[in-house]
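Here is what each chain is made of, one letter per residue.
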Protein chains: 2
Amino acid sequence: MKVILLSGGSGQRLWPLSNDSRSKQFLKVLDGQDGSIESMAQRVWRQLGEVGLQEQAVIATSKKQVDILKNQLGRQVPIVVEPERRDTFPAIALTAAYLSSVKRINPDEVVAVLPIDSYVDNDFYESVKDLEDTLNRSGGNIALIGVKPDAPSSRFGYMIPKEKQRDHIQVSHFVEKPSETYAQALIKEEALWNCGVFAFHLGFILSIIEQMGFPLDYADLLAQYEKLPKISFDFEVVERTKDIVALPYEGVWKDLGVWSTLTEQMPEQFKGSDVLCPESKNTHIINELDIPVAVLGISNAVIVSGPDGILVSDKELSSDLKKFIFQFNKRPMYEERRWGWYKILDHSEYERDGEVITRRMAIRADSCLSYQKHEQRNETWTILSGEGSAILNDQLFEVKAGSVIEIPAGTKHALKASTDMELIEIQQGPVLSEEDVYRISMNWEEILPLRSSVTL
Amino acid sequence: MKVILLSGGSGQRLWPLSNDSRSKQFLKVLDGQDGSIESMAQRVWRQLGEVGLQEQAVIATSKKQVDILKNQLGRQVPIVVEPERRDTFPAIALTAAYLSSVKRINPDEVVAVLPIDSYVDNDFYESVKDLEDTLNRSGGNIALIGVKPDAPSSRFGYMIPKEKQRDHIQVSHFVEKPSETYAQALIKEEALWNCGVFAFHLGFILSIIEQMGFPLDYADLLAQYEKLPKISFDFEVVERTKDIVALPYEGVWKDLGVWSTLTEQMPEQFKGSDVLCPESKNTHIINELDIPVAVLGISNAVIVSGPDGILVSDKELSSDLKKFIFQFNKRPMYEERRWGWYKILDHSEYERDGEVITRRMAIRADSCLSYQKHEQRNETWTILSGEGSAILNDQLFEVKAGSVIEIPAGTKHALKASTDMELIEIQQGPVLSEEDVYRISMNWEEILPLRSSVTL
């Protein structure tokens, strides 16, 4: 069995902690092993290891998440990168082509597709392994996991059984997000929740790709990625396929995609320093800012502060968040990158003197900022901690805490940390644009040979 | 009639917007004239002008508030500075000595003492003017204004009438913060609220100072200020004085010292950019940070975010704030100064490389940072906007947006803005202490003559 882990989502429903580069699956709020805190992605990856599926897994994701995935799961984690975000069908098709044409996996091999943000016990992944047997014995085209509902939720999709076998069901049809009353009726018919897990033979999906007129070779399909229909795997494949079976699962399964359910899994009611919350019941606080948060007499609420904004929400209503926060169309104030992370401390505009962004950046030991230049802006780096080297117009400088490096517009510049390093970067220009970056090289070794070495 | 305006208070009850240097009376949240927004101090000062009392007034305050008072009311505003914060009796005594020995005011002159944070109509100040006549006709020692209660509040002090004259009452005694039930009984006896306004003949307070063995000369009393008892004027004088009269006042009077009452006077329900608040009733939001605030389904609450912290409080409970927030014993993140203001953007500590504070500073045109040096820290200034001059070890440099000025520990440095200027200052040292400032001169002209002039 092979496993495709889908890591998507912009995670607007977990604003302000999630943004385009830090989706909900990367938020470190869950109780990990031995007292550590882990993200949903880290939890799922660890669990796959524990049940022996990690070696079989590849992660399908977009460019924006590659850095944070490697930061959280390790540099060697196998990733298939979607050239643009389309939907789950194109992502699964591309990864299937990768397994077949690059990894030379046999079309008879069973492939299980899993979301990276399921909150489950290891039993769940044991059931995933059982899907191989279910698929083979039932003769079905697709085998799903159906979660036994514990409430008539209107937030999930339901699969309705046609016929019950000894250990699995034949699926008659699907109902998306029914009303609570309808859900109650469906549960009486022994309907199960669709938790987004699909298993099929690799050949099954390859034949669908072929029938649609797309190539099966990974490189060729990658080149045509933008032509793949922007549609979910559920709509494009599952709903059009006959002979779908499902394996019922009765253990823990939670969708932690909204604040009300996520906070239930937080090991502590309050996260962050300098938080107080008298006269409030069932209220959770996450404070990622460096300033104190005081909550007085506000019950059943979730209060979250981070570099991107502040949320104060009734827990029930927090699932409506997505409806509103699209209004805040701002660039992320915190992002994780290949080399570390940055946080925007200030963004000011002046009538005569243009724009200024001040940010604090952390560069991991042995990582580097690529060799680049800007046409429209000056930058100033002040090293706060650690040591490393800077290259300015092909010249090497040793830098350490206290060093100040001025980078006028047009100057080629790169920075490498030899120990963990932090710095303040001040960008100044008539207009600051994220597009104003001319990359000369990503690779420190390429930037050398150097003319000379100087200590700032 | 002379007026002493008392400007005190640490304003913990309006945290996080108020701090030691920005007390509640300086928060700009009130509807001013012609659409402007004004602070309580600005409102009271404007009203004193409108009723013709401004020319008679002097403000008693502590060192920490001098800069912000001048910023808000004008550089020429008359101020008597308490050398240390003691309480209202010492502040009034010192100002009385100032009026008598420096301003040569006659002991027969009536002096009215007013808090700088009353929220009233101009009618109130007309009543204040009437206190002169009331005092003279009644033969009383002290004349107060008694506000007609509109509810049995347990938050105020009550004055109980002994005898009712045509236009004023004789006060029998005072009751501090009674229970609501007791307050109801007191109101039946026609008790009035004590709103902190006292009028007396200057000679009355001078004779009390003299009887206590203190000098009446301003300079002499200033030198002995630390020996004056740390006690309120109410306890030291009012409660021990016979023949107290009060003038009833029926107009608008509000104590805006807590969030629940202050928000009632806000011209808009939301202040600050990027605020949204669906499904919430009677909730006020003040956002002084540069990030968005989303409030969903939280009613009857006040949400305030500022550089010093974030408050989310039920309105009723917001008056209890003081009980809790003493726990956040942090230095102010925003302060107004003689030369402008600063905001701390980041405060980091590193095991090997010490402490770092990054702050954004605004210097008004023609203002300057004093000539000083630090033993323990380097500083780096990056000018964001505007122009001016820097002096480093007696050498003059012209600076403008884009200039970067490095100031190693031990370097004498000053900065003068010729236009409004903003900059980022990065302080770095093993330990950063507010005491590590060696002032050479506050006066730009003194720092010259200069050796040379260079453009950075």
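Heads up: the structure comes first, above all this text.
Thresholds applied
- Residues numbered from 1 in each chain as written.
- Chains lettered and ligands numbered in written order.
- Predicted model: local features only at pLDDT ≥ 70, side-chain atom pairs only at ≥ 80, totals over all residues.
- Heavy atoms only, no water.
- Helix = DSSP H or I, 4+ residues; strand = E, 2+ residues; numbered from the N terminus.
- Rg over C-alpha atoms; globule rule 2.2 N^0.38 Å.
- Buried < 20%, exposed > 50% of the residue type's maximum accessible area, 1.4 Å probe, protein only.
- Contact = heavy atoms within 4.5 Å.
- Areas by Shrake-Rupley, 256 points an atom, 1.4 Å probe, with all protein chains shown as cover.
- Lys, Arg positive; Asp, Glu negative; His and termini not counted.
- Charge placed at Lys NZ, Arg CZ, Asp CG, Glu CD.
- Expected span 1.5 Å × (residues − 1).
- Least-squares fit on C-alpha atoms with pLDDT ≥ 70 in both.
- Pairing = 2+ DSSP bridges.
- Polar contact = N/O pair within 3.5 Å; in protein donor to acceptor, adjacent residues only side chain to side chain.
- Phe/Tyr/Trp six-rings, centres within 6.5 Å; stacked < 30°, edge-to-face > 60°.
- Lys NZ or Arg CZ within 6 Å of the ring centre and 35° of its normal.
- Salt bridge = Lys/Arg side-chain N within 4 Å of Asp/Glu carboxyl O.
- Buried area = accessible area lost by both parts, 1.4 Å probe.

Visitor: Would you mind showing me how to read the overall build of chain A here?
Guide: The helix and strand inventory of chain A stands at 11 helices and 31 strands. Taking 456 residues into account, the globule formula puts the C-alpha radius of gyration at 23 Å, and chain A, at 25 Å, falls close to it. Counting only residues that meet the buried cut, chain A has 58% of its 456 residues in that class. Across chain A, every contact between residues at least 6 apart in sequence was considered, and the portion connecting residues at least 24 apart equals 66%. Accessible area for chain A stands at about 19100 Å²; split by element, carbon and sulfur atoms hold 44% of it. Once the 50 positive and 68 negative side-chain charges of chain A are each reduced to a mean point, those two points are 2 Å apart.

Visitor: How should helix 3 (residues 88-102) of chain B be read in this particular structure?
Guide: Structural remark: α-helix, 3.6 residues per turn; residues separated by three or four positions point the same way. All names here are of chain B. For helix 3, built from 15 residues, the straight-helix expectation of 21 Å at 1.5 Å per residue is met to within 8% by its first-to-last C-alpha distance of 20 Å. Counting buried positions along helix 3 yields 13 of 15 residues, so the element is predominantly enclosed. Where helix 3 terminates, the next one or two residues include Arg104, which has phi positive at roughly 55°.

Visitor: Can you walk me through the relation of the copies chain A and chain B in this structure?
Guide: Two copies of one chain are present, and they are related through a rotation about an axis combined with an axial shift. When chain A is fitted to chain B, the residual RMSD is 0.1 Å, and the transformation amounts to a turn of 180° plus an axial shift of 0.0 Å. Put plainly, the chains are arranged around a two-fold axis. Nearest to the rotation axis, the C-alpha of A:Leu345 is located 2.9 Å from it, this being the minimum over chain A. With an isologous cut-off of 70% or more, the 100% of interface residues of chain A that recur at the interface of chain B puts this contact in the isologous class.

Visitor: So what exactly am I meant to see when it comes to the pairing of strand 17 (residues 293-296) of chain B here?
Guide: Taken residue by residue, a regular strand's side chains alternate between the two faces of the sheet. Of the two faces of strand 17 of chain B, the one lined by B:Val293 and B:Val295 and the one lined by B:Ala294 and B:Leu296 are each fully buried. Bridge count between strand 19 (residues 309-314) of chain A and strand 17 of chain B: four bridges; the pairing is parallel. Across the sheet, residue A:Ser313 finds its bridge partner in strand 17 of chain B, namely B:Leu296.

Visitor: Quick question: what am I supposed to make of the environment of A:Ser23 here?
Guide: Residue and element names in this part refer to chain A. Relative to the elements of secondary structure, Ser23 occurs in the loop between strand 1 (2-7) and strand 2 (30-31). In sequence terms Ser23 and Lys64 are 41 residues apart; their C-alpha atoms lie 10.0 Å from each other. Within polar-contact distance, the side chain of Ser23 engages the side chain of Gln65 at 3.0 Å.

Visitor: Got a minute to help me understand the environment of A:Glu425 in this structure?
Guide: All names here are of chain A. Tracing the backbone through its elements, the reader meets Glu425 in strand 29 (residues 421-429). Separated by 66 residues in sequence, Glu425 and Arg359 place their C-alpha atoms 5.3 Å apart. A polar contact is formed between the side chain of Glu425 and the side chain of Gln427, at a distance of 2.7 Å.

Visitor: Would you take a moment to explain the sheet that holds strand 19 (residues 309-314) of chain B for this structure?
Guide: The sheet built from six strands is open, its strands ordered 15(A)-17(A)-19(B)-18(B)-16(B)-14(B) with mixed pairing. Each edge of the open sheet is held by one strand with a lone partner, namely strand 15 (275-276) of chain A together with strand 14 (270-271) of chain B. Of the pairings in the sheet, the one linking strand 16 (residues 284-287) of chain B to strand 18 (residues 301-306) of chain B comprises four bridges and is parallel in character. Its bridge partner being in strand 18 of chain B, B:His284 is matched across the sheet by B:Val302.

Visitor: Would you explain the packing of aromatic side chains in this entry?
Guide: Aromatic ring pairs are described here by two measures, namely the spacing of the ring centres and the angle between the planes. Throughout the structure, instances matching the rule amount to 22 aromatic pairs over all chains. Ring centres of A:Tyr158 and A:Trp193 lie 6.5 Å apart, and the angle between their planes is 75°; this geometry places the pair in the edge-to-face category. Pair noted here: A:Tyr158 is in strand 9 (residues 157-164) and A:Trp193 is in strand 11 (residues 192-201), with a separation of 35 residues, a long-range link. Note on A:Tyr158: relative accessible area 0%, which makes it buried. Classification of A:Trp193 as buried rests on a relative accessible area of 4%. Put simply, the rings of A:Phe156, A:Tyr158, A:Trp193 and A:Trp253 touch in pairs and so form one group of aromatic residues. Directly above the aromatic system of B:Tyr119 lies the positively charged group of B:Arg43, at a separation of 3.9 Å from the ring centroid. Just above the ring of B:Tyr342 sits the side chain of B:Arg359; from NZ or CZ to the centre is 4.4 Å.

Visitor: What exactly am I supposed to notice about the side chain of B:Lys2 here?
Guide: Residues and elements named next belong to chain B. For Lys2, the position within the fold is in strand 1 (residues 2-7). One buried charge, Lys2, has no salt-bridge partner; the nearest side chain with opposite charge is Glu109, at 5.4 Å. Look past the residues within four positions of Lys2 in its chain and what remains in contact with it is Gln56, Leu99, Ile105, Glu109, Val110, Val111 and Ala112.

Visitor: Help me understand the pattern of salt bridges, please; the structure alone is not making it clear to me.
Guide: A pair can form between side chains of opposite charge whenever their charged atoms are brought close. The final tally for this structure, using the stated rule, is 40 salt bridges over all chains. Between A:Glu335 and A:Arg337 there is a salt bridge, with the nearest N and O atoms lying 3.4 Å from each other. Among the residues examined, A:Arg337 registers a relative accessible area of 24% and is labelled partly exposed. The partner of B:Arg360 in a salt bridge is A:Asp346, and the shortest N-O contact between them spans 2.8 Å. One end of the pair, B:Arg360, is in strand 22 (residues 354-363); the other, A:Asp346, is in strand 21 (residues 340-350), on a second chain. Sharing partners across several salt bridges, the network here consists of A:Glu38, A:Arg46 and A:Glu50.

Visitor: Explain the interface of chain A and chain B to me, please; I cannot follow it from the model alone.
Guide: Interfaces are often sized by the amount of accessible area the parts lose when they come together. In this assembly, 62 residues from chain A lie in contact with 62 residues from chain B. It is A:Leu296, A:Ile310 and A:Val312 that lose the most area in chain A upon contact with chain B, and together they represent 13% of the buried surface on that side. Linking chain A with chain B are four salt bridges. The tally of links between chain A and chain B comes to 22 residue pairs in polar contact (both at pLDDT 80 or more). Considering every element that reaches the side of chain A that touches chain B, the biggest residue donor is strand 19 of chain A, with six residues.

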